[in-house]
Amino acid sequence: LAQAPRPSPPPTSAAEPPRSRATRQAMSTNEVKLFGRWAYDDVMVADLSLQDYVAVKGHETFLPHTAGRYQKRKFRKALCPIVERLCCSLMMHGRNNGKKLMAVRIVKQAFEIIHLLTDLNPIQVYVDAVQNGGPREDSTRVGSAGVVRRQAVDVSPLRRVNQAIYLLCTGARNSSFRNIKSISECLADEVMNAAKESSNSYAIKKKDEIERV
């Protein structure tokens, strides 16, 4: 039996739309970029003690919204991407609880501002701010009822990261309250000042105050 001839495929237009071609090229590269813009490759954690607790390499995400269950076990939050921890810390004070998409938008705008003002990778600027923002020494209360004295103690690396993120967000929140500047602008200013260890940063001021006591 003679086989019927197969239908020829539809002719492809020589001029492929440029947008789809660019999209295909972008998808073919396996590089993960935060918000599709900021690469993780050149981000360095200079402080050796914080390398295990600042989740950058091996924790690359397109969005700081992984919906991971990082509170289920002790120390698991060290595996949470460091930018996502900033988003989670922004969602504080009752009226902001659970508004993670709002927090992601704020961080995205802040990173755009940081890049415009410094011309650097904003992830690197933020990692530097986390390294500089956490106190390295603190004091704890020692003694039972009655006589209480302060004992100087070293701060663990995870607590340094936790404190730094908390202080960065608190400083941004306080400076944007009843202010014409948006929270994104205030967060960008706070992160940039902390990254260069400027005393204009709330986090650096609090860190020096805690270390001085």
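Residues numbered from 1 in each chain as written. Predicted model: local features only at pLDDT ≥ 70, side-chain atom pairs only at ≥ 80, totals over all residues. Heavy atoms only, no water.

### Things to note about helix H7 (residues 202-212)
Piece 1. Within the span of H7, buried status applies to Ala 203, Ile 204, Lys 207 and Ile 210. Within H7, the buried residues cover an arc of 130 degrees as seen down the axis, which keeps them to one side.
Piece 2. The secondary structure elements touched by the buried residues of H7 are helix H4 (122-133), strand E3 (137-142), helix H5 (157-176) and helix H6 (183-195). (Buried < 20%, exposed > 50% of the residue type's maximum accessible area, 1.4 Å probe, protein only. Helix = DSSP H or I, 4+ residues; strand = E, 2+ residues; numbered from the N terminus. Arc of directions from axis to C-beta. Contact = heavy atoms within 4.5 Å.)

### Some points on helix H2 (residues 82-90)
Piece 1. Buried residues dominate H2, accounting for eight of its nine residues.
Piece 2. Listed as buried for H2 are Ile 82, Val 83, Glu 84, Arg 85, Leu 86, Cys 87, Ser 89 and Leu 90.
Piece 3. Packing partners of the buried residues in H2 comprise strand E1 (33-34), helix H3 (100-118), H4, H5 and H6.

### Observations regarding unusual backbone geometry
Piece 1. Positive phi, close to 55 degrees, is recorded for Ala 67, a residue that is not glycine.
Piece 2. In this structure, Ala 67 sits in the loop between strand E2 (38-39) and H2.
Piece 3. For Phe 75, which is not glycine, the phi dihedral falls at a positive 70 degrees.
Piece 4. Along the chain, Phe 75 falls in the loop between E2 and H2.

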